[in-house]
Every structure is written in structure tokens, then in C-alpha cells.
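Analysis of the macromolecular model
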Amino acid sequence: MKNLSITLAGRKDDPYFFQCKAALSFIKAKDPYVSSTELAFFETEWEQYLHQLQKTHGGFFLGHQSSPLVFLNDSEYIGGAAEFLTFADDRYDYRDAADFASYVRSCDEALRKVYENPYRKYCYMDVRLGKRVPVTVVFELYCDVAPATCHNFIELCKGFTDHKDRKVGYDGSKLHRVVPQVFVQGGKIKKGSSVYGKEFADESFSVKHDTVGTLGMAKRANLSNTNEVQFYVTLTAPLSFMDKKYVAFGRVVQGFRVFRRIEELKGRPNQKPDKKCKIVECGEYDYDLMKPHIEALEKEEREELEKLKENPESDEESDKEKDKKKDKKKDKKKKKKDKKKKKHKKHDSSNEEEPPQEDKATTEKDIEGDKKETEVKETPKNDAEEELNELFKQLEEVKDGMENIKLLFAIISKYLSHFPLLNKFATEKFNAIDSNKNNMLSLDELARYFNKNFRERGLPQLGTRQALILMARYDRDRNGTISRKEFIPYIIDFFKLIRQSLILEYADMKARALVENYRNETQWSAKGIAEVNMLLLNPRDFYVKLRKSTLAIVNPIPEEFDLDQMTSICSNFCKIYGLPEVPKEEIGAIIEDSCVTDKENAFNQGDLRIVAVAVVNIAIGILSLLK
């Protein structure tokens, strides 16, 4: 029998692709002469792959637009999902008995694994064109290639407070420039700078502009080392003239269609799109949290497109109305300017009359008021720094172990939530350690320095395993050094590892205080305890199981949890694995003691993870003491 090669290509977020995968598996099991190639793509990769196939093969491929695509022996066109299932039925007697929801679940699980990649981080932006429904754009960031550039982009998406106590971020900014078939540019922020407080250096040119949807940093007047806040997304590939000139640090993996729509807009001479392209919401991307939000927007978008198909002139009419309103506003402004000019001419011609004294006084007051306002804006507030100094003073006075840990939690929380403080700390420490002034530090020397300083102040130190984790994360070149650019991300990870040590100490103390309440109870699940211990060694697996436990209490997962939800989720997690259930009032005390002390009954997923780790370690501590 002749060998048959089947190629299945499609998008990673398409359940029909997974339906075809099931049919292909059946065919391969039934016919040993069948070989297969499965190609799963993100949205931009799929667009580029399909374009290349159409260019190479032509024919039926030219009419194919949607995912998936199936063809035989590298060139014989079959079609999409419906055509492939018919082919499988006719030739191999295949019947698809599975519920379509199972393919949706398979698609979800595969995407969740993709978004849990430890070397990548993801951000999102909801982009609105005019008055249309926003489209959610998801960016994949190459943190293993350009960590400092990625950190800057993430913080701008989340929003941060700069050294002048101003809120800085992409939220509310515009995509202000479009060069058709080249790129769309955005991130023009008034009175805003990078998370590092100024322009920063080109970090890496290793990512080339060879794929559609490449994300990179724009520069001031094309000068090197002038990266700050503005970014671009490429509309075509390859763009080799941009390689080794602009830092590319990510790509679009979802929602690229909105950039195609921006590209189609009528551009003005200054390359501004003729419709407002606004970022209405942005932040760090979490698959489970964002999924309901994206589905709701896509549903609204489909309904909107159906209305436009029924009445395509309505969109054109709305544009004409907008143009008329703009013209009216311009006319009004011109009339006002003309009136002012006439008044000024009259005052200039008549030198006899002087302006009233009252007007002078009021104008002087207004000017003074403006000066005061500007002075208040310009002087940065030091409340956070004062609070931090006060916490350090309390730390020197307090000797009790539990109180000491609570203060350390608060100090780490203050550093991680207030970037100017973290930046100042990192700069001071780097300058203190960098005796050779070559902007490079030895990772071994760094670990010894911090452990020595922390030991002298009675603070927790990094263990051997934690030090090795940091070493592996930042020593990519295997030369045992770290640059100034990587130092702030290093400090953030360093503080998070210290917090883990604090959680273990805290859990041990709490377990000793609570163990007497469990003396008479002996029925614990040995299998569950072993499984939880393994989960604690692998945080990714722990968070996946915690998410499942969360869905049992609140479905869908909200953006913020209240106190009751937090305690119920942690109690449910212990119950699932047969661990001693920590009382709800004690979980409330843990929330108050840990790094979420300044929250008022509104906690995010990061807070939940910290508290859940503490609760589970307390439960395991109680068991070890009972033995």
C-alpha cells in the first residue's frame, strides 16, 4: 500500500483543530502507512504560515482563511474541519462520538500549559477603535532574552507610581502612529517615563523582525540607547532594516486583527490614524482570570459585526457625523480667537484707560495659585519612605519572633509595591558592591554580600537551594555575573525568595501554637500529605491545583477576592488533600500578618497564593509535630 502523509495545521486557540487531531489519531492507529505532521500556531504565526502556503501552492489554498487546514502529501488540498471529518468518514469509517465541549476543554488545557511557560510572561491590552467594541490583545514577552525591557513593559501595563508620586502607565494612552505594511506605534504617555526613571540602554538585538506581530521598543529620533515607554508592533515580515537597531522583546499571540483594522484606517499626513485608537485597559495576563472577559468582548464584537453587515452605511454615517462635529468645534475656536484679537487691538490703541485694579489682583492671585499647585506637583511625597524607615526602627526594637516576622513581611511588601523605593535600594546596593565600576557583579559575591548584611541585622538569609535558583535564572551565559540592567529583576526575585523563607518560619511558629488543638485527631491522608509536599517543591503545579480548588468555591475566578472567599478557598484546599483544616479565624490572622496587610477586603491572586502556601505549611507543620 502507498504511504500517505497528512498535514494538519491550525491555531492553538481553535477547538476545531483539536477535533481534527482526534480524527487524525484514529486514522494513524487504523492505518500504519499513514504519517502525519501537526502544526499549532498563534494568531500571527497562523496568518504568516497561511500566506506562505497560498503563495507556494495557489489553487484551493487561496480561498482558505479559517483554522484548521488539512492537506495530503504536501500539496493535495482537503479543506477545513468539516471536509477532513468527511474524508475520515469516507475512507476510514471514522465517527466523531465525542462531545464538542471535550475539544474545548482540550484547547483550554493546551493553552493553559503554553501560558505557564516559566521563561515567558504575558500582558494584555484592550484596544478600542472609535466607538467600536474593544479587542483584547495578548503579548508574549521574552523575559529570558531581555528581562529589563520586559520588566519595564509589564510595569507600564500594570501602572506604577514614579518618583514624583504620579501614576504612570499605558492605560488610557493611544496608538498614535500607523505606517501601513510596516508597524503601528503606541505608548505615548504625557509626563511619563520608564520604570527606571529615564531612558535605558539597548538590552539585546538577538530577536529579529522576521515574524508578523513582533513587539519592540521605539526610540527617540532613532538614537541608540534611548528606550523609554513607546513601543511598536510590526505589520509585515521580514523587516531586516530594523534588526540590530531596535530591541524586539516579544510578539502578539492574540488579538492581532485590531492592528490590521488600524492599518486599514485612513492615515493623515503625520501618520496619525483618523480614528481614536485607545488602550482602555491593560495589565499582566492570567489565562483563567481573563478568559471570561475575552469571551464576553468577542461575543459583543460578533454582534457588532452582524449589525454592520446588515447596515454597513451606519458606520460611514457615524464617521461623517464625527467629521461635522469636528468642523463645528474648529469654527467655534476660530471665532473665539478672532474676538480675542479684536479686544487686544482695542486695548493697544487706547492708552488712556488702564485695566481695573481688581483684575490685576485676581490675576496675581491666580498666578500665585498656579505656582503653588505646580510646586505641590513637583515636590515628591516621601510618605512611603517614612513608613519604611518607621518599620525598620520598630524592627530594631522588637525581639519577639512572630512580631519580627510580621514587620519583615510589611517591609518586603513595601519594597515590592512601591517601585521608587525598590529602585533606590537596588541602585545603592549595586554601587556599594560594584567596587570595580564595570557595571557587572559576581553572583557568588552578591549572595555572600546579602547574606552577610542580613545576618548582621538579624534578617533571614537565602538558603543554598534558593541561591542556586537565582543563579540558574540569571546566569544564562554561564559566566557567573549579572549586569546592572538585570539587577532590579534580580532584587525582586530575591525579595520573593526571602518572603518564602519567612513563610516557612511563620508557619513553623503558628503550627507550634496550634498543635495542641489537634492531639485527639489522627485521621490524616498520608497520600495527600506526600502529594502536597511534592507540590510545594514545584510552585507551578501548586498554583494549578490551587486554581482548581478556587474554582470549586468561586466560578468564574474573580479579579478580587474578599476575606470569606480567601478563607474558604484555603480551607477547601486542605480538605481536598486530607490535611488538618486551619481555623478560619487563624487564616484571617495570617492574612493580616502577611504581605497583604494594607489591603481592605480586596485581594488578588498573588495574595491568595502567598496565604495558601502559609496555610498549607502550617497544616504540614502540625502533622510533623504530632508525629
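Note that the structure is predicted; figures quoted are calculated from it, not measured. (Residues numbered from 1 in each chain as written. Predicted model: local features only at pLDDT ≥ 70, side-chain atom pairs only at ≥ 80, totals over all residues. Heavy atoms only, no water.)

1. Concerning the overall build of the protein chain
A count of helices and strands for the protein chain gives 20 helices and 16 strands. Put simply, the protein chain has 627 residues, and 45% of those count as buried. Sequence separation of at least 24 residues holds for 70% of the intrachain contacts in the protein chain that already meet a minimum separation of 6. Only carbon and sulfur atoms are counted for the fraction: they give 49% of the accessible area of the protein chain, which is about 35,300 Å². (Helix = DSSP H or I, 4+ residues; strand = E, 2+ residues; numbered from the N terminus. Buried < 20%, exposed > 50% of the residue type's maximum accessible area, 1.4 Å probe, protein only. Contact = heavy atoms within 4.5 Å. Areas by Shrake-Rupley, 256 points an atom, 1.4 Å probe, with all protein chains shown as cover.)

2. Focus on the environment of Asn439
Mapping Asn439 onto the fold places it in the loop between helix 12 (419-433) and strand 15 (440-442). Overall, Asn439 belongs to the partly exposed group, its relative accessible area being 39%. Taking the C-alpha atoms as reference points, Asn439 and Ser483, 44 residues apart in sequence, are found 6.0 Å from one another. In this structure Asn439 touches Phe430, Asp434, Ile482, Ser483 and Arg484, once residues within four positions along its chain are discounted.

3. Some details on unusual backbone geometry
A cis amide bond, omega 0 degrees, links Ser67 with the succeeding residue Pro68. Examined against the element boundaries, Pro68 turns out to sit in the loop between helix 2 (43-57) and strand 3 (69-72). For the bond running from Ala237 to Pro238, omega is -5 degrees, close enough to zero to count as cis. Within the secondary structure layout, Pro238 lies in the loop between strand 12 (227-234) and strand 13 (248-254). Positive phi, close to 60 degrees, is recorded for Asp93, a residue that is not glycine. Since its relative accessible area comes to 47%, Asp93 is described here as partly exposed. The residue Gln181 is not glycine, and still its phi comes out positive at about 65 degrees. Mapping Gln181 onto the fold places it in the loop between strand 9 (177-179) and strand 10 (183-186).

4. Section: the sheet that holds strand 1 (residues 4-11)
The 4 strands are arranged 2-1-3-4 in an open sheet whose pairing can be described as mixed. Only two strands of the sheet have a single neighbouring strand rather than two, namely strand 2 (34-41) and strand 4 (76-79). Neighbour-to-neighbour, the strand axes of the sheet open up by a mean angle of 20 degrees, direction not taken into account. Of the strand pairs in this sheet, strand 1 and strand 3 are connected by 4 bridges, and their pairing is antiparallel. The residue of strand 3 that forms the bridge with Leu8 is Val70. This element, helix 1 (residues 15-30), spans strand 1 and strand 2 of the sheet and lies at about 165 degrees to strand 1. Running at roughly 155 degrees to strand 1, helix 3 (residues 81-92) makes contact with strand 1, strand 2, strand 3 and strand 4 of the sheet. (Pairing = 2+ DSSP bridges. Axes fitted to C-alpha atoms, helices over the stretch in contact; angles between N-to-C directions.)

5. With respect to the confidence of the model for the protein chain
Counting all residues, the mean pLDDT for the protein chain is 78, and 77% of those residues have values of 70 or more. For the protein chain, per-element mean pLDDT is lowest for helix 9 (residues 357-378), which scores 38, and highest for strand 6 (residues 135-141), which scores 96. (pLDDT = per-residue confidence, 0-100.)

6. Structural notes on the packing of aromatic side chains
Scanning all chains against the criterion turns up 25 aromatic pairs. Judged by centre distance (5.9 Å) and plane angle (45 degrees), the rings of Phe256 and Phe259 are tilted. Exposure class is identical for Phe256 and Phe259. Each is buried. Over the aromatic face of Phe42 sits the side chain of Lys12, whose NZ or CZ is 4.3 Å from the ring centroid. Of note, Lys219 hangs over the ring of Tyr246, and the distance from its end group to the ring centre comes to 5.7 Å. (Phe/Tyr/Trp six-rings, centres within 6.5 Å; stacked < 30°, edge-to-face > 60°. Lys NZ or Arg CZ within 6 Å of the ring centre and 35° of its normal.)

7. Comments concerning the state of the cysteines
Here the structure, examined in full by the defined rule, presents 0 disulfides. Here Cys143 stays unpaired: no disulfide links it, and the sulfur of Cys150, its closest cysteine neighbor, is 4.2 Å away. The thiol of Cys282 is unpaired, and the distance to the nearest cysteine sulfur, on Cys157, comes to 5.1 Å. (Disulfide = S-S within 2.5 Å.)

8. What to know about a positive patch on the surface
Together, Lys174, Lys188, Lys190, Lys272, Lys276 and Lys278 line one region of the surface with positive charge. Structurally, the position occupied by Lys272 is in the loop between helix 6 (257-264) and strand 14 (277-284). (Patch = residues over 30% accessible without salt bridge, like charges linked within 9 Å, V, L, I, M, F, W, Y side chains within 5 Å. Salt bridge = Lys/Arg side-chain N within 4 Å of Asp/Glu carboxyl O. Lys, Arg positive; Asp, Glu negative; His and termini not counted. Charge placed at Lys NZ, Arg CZ, Asp CG, Glu CD.)

9. Notes on the pattern of salt bridges
Counted by the stated rule, this structure contains 24 salt bridges. Between Lys291 and Asp108 there is a salt bridge whose closest N-O contact spans 2.4 Å. Of this pair, Lys291 sits in helix 7 (residues 287-310) while Asp108 sits in helix 4 (residues 100-115), placing them 183 residues apart in sequence. Classification of Lys291 as partly exposed rests on a relative accessible area of 23%. Counted as one network, the salt bridges with shared partners bring together Glu45, Arg120, Glu140, Asp144 and Arg251.

10. Describing the nonpolar core
Counting residues in hydrophobic clusters, the biggest one holds 115 residues, and the most contacted among them are Met125, Phe139, Leu141, Phe153, Tyr170 and Phe259. Of all the elements, helix 15 (residues 484-514) adds the most residues to this core, at 14 residues. Beyond its immediate sequence surroundings of up to four residues, Phe139 is in contact with Lys121, Tyr122, Cys123, Met125, Phe153, Leu215, Val233, Arg251, Val252 and Phe259. Leu4, Phe17, Tyr92 and Val138 belong to the second-largest nonpolar core, a separate cluster that totals 33 residues. (Core = buried A, V, L, I, M, F, W, Y, C linked by side-chain atoms within 4.5 Å.)

11. Quick notes on the sheet that holds strand 13
Here 8 strands make up an open sheet; going across it, the order is 9-10-12-11-13-6-5-14 and the pairing antiparallel. Two strands lie at the open edges of the sheet, namely strand 9 and strand 14, each paired on one side alone. If you compare each strand with its neighbour and ignore which way they point, the axes differ by 30 degrees on average. With 4 bridges joining them, strand 11 (residues 214-219) and strand 12 adopt antiparallel strand pairing. Paired with Gly216 across the bridge in strand 12 is Tyr232. Taken strand by strand, helix 5 (residues 147-158) contacts strand 5 (121-129), strand 6, strand 11, strand 12, strand 13 and strand 14, and its axis lies near 45 degrees from that of strand 5. Across the sheet, helix 7 lies against strand 5, strand 6, strand 13 and strand 14, angled at about 140 degrees from strand 6, the strand it touches most.

12. Examining a nonpolar patch on the surface
Together, Tyr16, Phe100 and Val104 give the surface a local cluster of nonpolar side chains, amounting to about 240 Å² of exposed area. Along the chain, Phe100 falls in helix 4. The partly exposed category is assigned to Phe100, whose relative accessible area is 30%.

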